[in-house]
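# Remarks on the overall topology
What follows is the residue order along each chain.
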Amino acid sequence: MVLVAAGVLLALGVTQVPVAGSSADARVGAGALTRPTLAWKTCPGSRAAQCARLAVPLDWARPQGKRISLAIARHRADDPQHRVGTLFFNPGGPGDGGVAYVEHAAQVFSPALLARFDLVAMDPRGVKGSTPIRCDLPVAPADVTLFPRTAKEFRKLRDYGPRLGRSCVKASGPLVGHVDTISVARDHDALRRALGEKQVSWLGISYGTQVATNYAALFPRHTRAMVLDGALEHSGSEVAMLATEILAAEDAFDRFASWCATADACALKGQDVGAVYDDLVARADRHPIPVPGALRPVTGADIRMGTPRGLLFKEPGVFGPELSWAALSRGIKAAVEGDASMFALPPVRVAAPLAERLSIACMDFVSEIRTWAQMQQRLQLGRQLAPHLQGATEQWEILRCMGWPVKAANPFRRLDVRDVPTLIVNATHDPSTAYTWALGLAGQIRGSDLLTREGDGHTSFFAAAGCAHDAIEAYLVRPHAPADRVCTS
């Protein structure tokens, strides 16, 4: 999952539904399968894109019940005579919306994709322009730490989850129990029907790979082809998933530190970056660093939890220069000099997206921690596997779901996807979606192809130009096994 990656384009300004293909579809109810309608208008932020709203059931198990509204955007194919079809796009998260990407499609997608596909995306339920999740309490209060050092601090963390969850239910109602990935997948099929399409193609990025794969498991006959970039495997235990991500993030940090030794773009060039970083974290734990306007002074734990975001992209890309290894080096250097703003938690008044992201995550990921003894084991796991980051990852955030008052609708489970042409793409040193997850996901999609990108950075569509990016585009236009199964760019 990509909690830390969810967000705006920086460069551009409780019911579980069965998943069993067509037999599960039949249990949704005829009322939900009537064709919805869309009233397209020019998007306020783009002359080239059209926007609309789509009404869907709040609870897909009760299709005649209350409805919610989803924000939709479409960019029509630039070359309609050679149009392949409709391409659904989900950029990841959970908590990121697709509408902004479509509104700025020319800055995100290549001319080749824009020519051949109607590019369509939604802000998923609970997110951004769709019916939102809101909470009356802050997700990250100033006096709660994700790395408790005492039993008292642990109890404060453990007891806050239920309070936070109840505040979300109070502010958002039953929507809190229906923002799981299966519900989002069903929303996309309602969108397919509204578009009048028999089949759609998918480009799922990071958490978007989970949305796309669940869609294909539910609706294989309506899925023409998928590219899954930065694979999220959702089939094991919580601790196994966490351990894998801990290792991936620490590996990325070590590679960042090695890069800094000789890279002119690194603000710490020539220094022992690991030692500098560890000393900074230790000093911030002893004496938190004040940052004007932040939720609280920055602790060492805050620095560690903020670091994976800076590891996502080695080079600046569509998300702007502040998401790159060079920017991370500048942030560390500034923190050493007393300005820790890169790692500061936002004040409560601007932290609404955190509620959206966490509420979705709590419906799909269940923390196994219940006691202080278990928490101590988890802390030891982080220290043993990751001497620098000590376990700080996106998955570590799931600790906030302890005691969540709404049962997870889509807990860890294996999928069985058949008869859907699929290309899975993953970098060998992705800091967020570990390479091993790609192999695990491939085992759940029969006949899928795996393209390995030897290199750094989260995803290949956003993080790399070259053969991996070219293979993604070629597969979407004409699904076929890539000639080269390994790319270096």
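Residues numbered from 1 in each chain as written. Predicted model: local features only at pLDDT ≥ 70, side-chain atom pairs only at ≥ 80, totals over all residues. Heavy atoms only, no water.

## Things to note about the packing of aromatic side chains
Overall, the coordinates contain 20 aromatic pairs when judged by the stated rule. Taken together, a centroid distance of 5.7 Å and an interplanar angle of 45 degrees make the contact between F109 and F461 tilted. Here F109 is found in the loop between helix 3 (105-108) and helix 4 (111-116), whereas its partner F461 is found in the loop between strand 9 (449-456) and helix 15 (467-477), with 352 residues between them in sequence. Exposure remark for F461: the relative accessible area of 4% places this residue in the buried category. (Phe/Tyr/Trp six-rings, centres within 6.5 Å; stacked < 30°, edge-to-face > 60°. Helix = DSSP H or I, 4+ residues; strand = E, 2+ residues; numbered from the N terminus. Buried < 20%, exposed > 50% of the residue type's maximum accessible area, 1.4 Å probe, protein only.)

## Considerations on the state of the cysteines
For the structure on display, the rule yields five disulfides. C43 shares a disulfide with C51; S-S distance 2.0 Å. Linking C43 and C51, the disulfide has an S-S dihedral of approximately 105 degrees and is accordingly described as right-handed. Like C43, the residue C51 is buried in the burial classification. With its sulfur 2.0 Å from that of its partner, C260 forms a disulfide with C266. Residues C260 and C266 are joined by a disulfide whose S-S torsion is about 85 degrees; by sign, that bridge is right-handed. A single burial state applies to C260 and to C266, both of which are buried. The connectivity of the disulfide-linked cysteines in the protein, indexed sequentially, is 1-2, 3-4, 5-6, 7-8, 9-10. (Disulfide = S-S within 2.5 Å.)

## Quick notes on the confidence of the model for the protein
Should the pLDDT be low somewhere, the predicted coordinates at that spot are not to be read in detail. With 92% of its residues at a pLDDT of 70 or more, the protein shows a mean pLDDT of 91. Here residues 2-27 scores under 50 on pLDDT; set against residues more than four positions off or in separate chains, the count is 82 contacts. (pLDDT = per-residue confidence, 0-100. Contact = heavy atoms within 4.5 Å.)

## What to know about the environment of V139
Structurally, V139 is set in the loop between strand 5 (117-123) and helix 5 (151-172). Separated by 157 residues in the primary sequence, V139 and R296 have C-alpha atoms spaced 14 Å apart. When neighbours within four sequence positions are excluded, V139 is seen to be in contact with Y160, L164, L354, A355, L358 and R400.

## Observations regarding helix 14 (residues 435-442)
Regarding helix 14, the residues found buried are W437, A438, G440 and L441. Each buried residue of helix 14 sits inside an arc of 165 degrees when the element is viewed along its axis, so together they form one side. Buried-residue contacts for helix 14 involve helix 7 (207-218), strand 7 (223-229), helix 8 (238-260), strand 8 (422-429) and strand 9. (Arc of directions from axis to C-beta.)

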